[in-house]
Amino acid sequence: MKRLFLSLLIMSWTSTGLAATADEAFENLAEEYISDLGNLSPVYATLLGDHSADDRLDNVDDDARAETRILLNDYLAALKGIDREQLSRANQVDAELLLHEVESSLWSLDVLREWSWNPLYYVSIAGSSIYGLMARDFAPVESRLASVTSRLEQLPRFLAQARASIDLARVPKIHAETAVQQNQGLNSIIDSMVIPAMDVLSAERQQTLNAAIEIAKDAIAEQQTWLEETLLPQANGDFRIGAELYDVKLAFALNSPMSRREITARAEQEYEAVRNAMYEVAKTVYKQRHPVTSFPDNPNEAYKQAIIRAALEEAYKKLPPRDGIVDIAKQYLQQAIDFVVEHNIVTMPDDPVEIIVMPEFQRGVTVAYLDPPGPLDKGQSAFYAVAPLPDDWTEEQVESFLREYNLLSIQDLTIHEGVPGHYLQLALSNRYPSTLRSVLWSGPFVEGWGVYAEQMMIAEGYMNDDPLMKLINLKWYLRAITNAIIDSAIHVDGMTRDAAMKLMVEGGFQEEREAAGKWVRAQLSSAQLSTYFVGYQEHLELRAAMEERWGDEFTLRRYHDQVLSYGSPPVRFVRALMLDEPIPRRGE
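Quick caveat, the model's predicted, so the values are computed rather than measured.

Trainee: I'd like a rundown of the pattern of salt bridges, residues and numbers included.
Mentor: Tallying each qualifying case throughout the model produces 32 salt bridges. Glu313 is the partner of Arg403 in a salt bridge, and the nearest nitrogen-oxygen pair spans 2.7 Å. Here Arg403 is found in helix α15 (residues 395-404), whereas its partner Glu313 is found in helix α13 (residues 301-315), with 90 residues between them in sequence. The class for Glu313 is partly exposed, based on a relative accessible area of 34%.

Okay, structure coming up:
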């Protein structure tokens, strides 16, 4: 029936040249794709806010992948059968995004094949299957617990399919080690989110859920044994994906005309410029502490390095308590909101946001993230999640982390993740009426906006033009730059850990714990670390173009509100819409 339906859709728009008919046909196809997400991945559908398959847990065996391949190829044929010139400009954008997503999914399924060598792929699905049901009150808890019960009962089947899918020799050791760590976090979701909510159930339903929990915990224990005793000893795959795979993955991740070589060239140029800017700010900080200092006219790099480090030490005197980062982030979030409103920078949404401790099954990759509600879950909270410090860290490691995430850095982090960064941007962008565009949001747009928000707030005088805040802000931008450099250097050029650490610690002024964590993250991911820098560069270029177009009529509020009114597509599509340029096509 599904293939017949898609064939009829193709016929409906190829048999007529009417634009209205083409738009209607495409919108029907987009709706069908959204509804099919529950078939492609019930867990992903839950996270998006489609709760039609909440009681199902993904199938991840060969048969399921074959069905997915057939369905994606049907959508590909349907999309290629439409004359996109007959679509409205808004639908031209959405059609390009859907074509890009389908082609990316097929490539990932059949070429990258991460499902065959990355055990974290399965940990994420398993953890999200329960977390996505319990984290937000989208339905009565009794209903959500019924879905939890069903998914917990299916966990043994899911994990068995995962084990059968994995090619042991292809798994990189770092992926296996991280899976060993994260898999144990699945129990914490059950213990902290499911069990405390059970009191609302009848005795009979509690008994059913308890039995499901026992089944699931046995399956998690079996998986843990397999990870530690079977997978980990045999995990000797190369985490570097190589130039051929990296370049294609990068193109899909960015949806941008920027190539790997252009990104590296830009990043290296910015690296020098930002380090020089840090030196100029550091001189101001240093002079405040040492008023009689005179600086040489042509300092060498070693001298600049020393002055910047001396200035950064002043910021590192402002450390949060080990267990106080979440509370401080709450305070700084309100401070950023007040500044945005007072300075009329952008419309301030009233969508709920909570700052939480990062769930255990998601730790080990990044320090913080913004988890927005799915675009179909209206009125639910966004979560600004912060990872706690590991209990097994030494005092030296704790100090290194807190120096990196000093009080000024937490200000910058909260701007990026909260306001006017990810929380604000996604809250406003998700008001765009196209559900498809909300689902197919662009990483470079979102992460680039986060970096742009950091830089823009400081430029507008946040923290009263404090030079230490400016210095930390530049250091964070330098982090985005080094992210882009090491991303391809590691996966394509074979950059070693020592070389990456030297670039981050000496070149980027990062503390050892931050750099060590980034080395792990770079191994676990590829192409994602470039999204921050590329997206920021594209946002800068768009703003410059609009300042030239609007002239004296340019205001931050007008510009920001309009940029965020189109959803979160790649920046080049927003540029086309704002400047009335042709909508970019695949491969352009």
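Trainee: Run through helix α25 (residues 571-579), naming residues and quoting values.
Mentor: The buried fraction of α25 amounts to eight of the nine residues, a majority that puts the element mostly inside the structure. Those residues of α25 that fall on the buried side of the exposure criterion are Val571, Arg572, Phe573, Val574, Ala576, Leu577, Met578 and Leu579. Against the buried residues of α25 lie α5 (89-112), α18 (435-439), α19 (443-459), α23 (531-550) and α24 (556-563). Count one or two residues on from α25 and you reach Asp580, which has phi positive near 55°.

Trainee: Now, about the packing of helix α20 (residues 467-491) against helix α21 (residues 497-507): what can you tell me, with residues and values included?
Mentor: At a closest axis distance of 10 Å, the pairing of α20 and α21 adopts a crossing angle of 170°. Between α20 and α21, the angle falls in the class roughly antiparallel. Contacts between α20 and α21 involve Leu478, Thr482, Ile485, Ile486 and Ile490 on the former and, on the latter, Ala500, Leu503, Met504 and Gly507.

Trainee: Can you tell me about the packing of aromatic side chains, naming the residues and giving the values?
Mentor: Using the criterion set out here, one finds 15 aromatic pairs in the structure. Where Trp449 meets Tyr452, the ring centres are 5.2 Å apart and the plane angle is 45°; that geometry is what we call tilted. Here Trp449 and its partner Tyr452 are both found in helix α19, three residues apart, which amounts to about one turn of the helix. For Trp449, a relative accessible area of 1% corresponds to the buried category. Ring-pair connections join several aromatic residues into one group, and the members of that group are Trp393, Phe401, Tyr405 and Trp476. Above the plane of the ring of Trp117 lies Arg170, whose end atom (NZ or CZ) is 4.7 Å from the centre. Across the ring face of Trp550, the terminal group of Arg558 is positioned such that the distance to the ring centre comes to 3.6 Å.

Analysis parameters
- Residues numbered from 1 in each chain as written.
- Predicted model: local features only at pLDDT ≥ 70, side-chain atom pairs only at ≥ 80, totals over all residues.
- Heavy atoms only, no water.
- Salt bridge = Lys/Arg side-chain N within 4 Å of Asp/Glu carboxyl O.
- Helix = DSSP H or I, 4+ residues; strand = E, 2+ residues; numbered from the N terminus.
- Buried < 20%, exposed > 50% of the residue type's maximum accessible area, 1.4 Å probe, protein only.
- Contact = heavy atoms within 4.5 Å.
- Axes fitted to C-alpha atoms, helices over the stretch in contact; angles between N-to-C directions.
- Parallel < 35°, antiparallel > 145°, perpendicular 65-115°, else oblique.
- Phe/Tyr/Trp six-rings, centres within 6.5 Å; stacked < 30°, edge-to-face > 60°.
- Lys NZ or Arg CZ within 6 Å of the ring centre and 35° of its normal.

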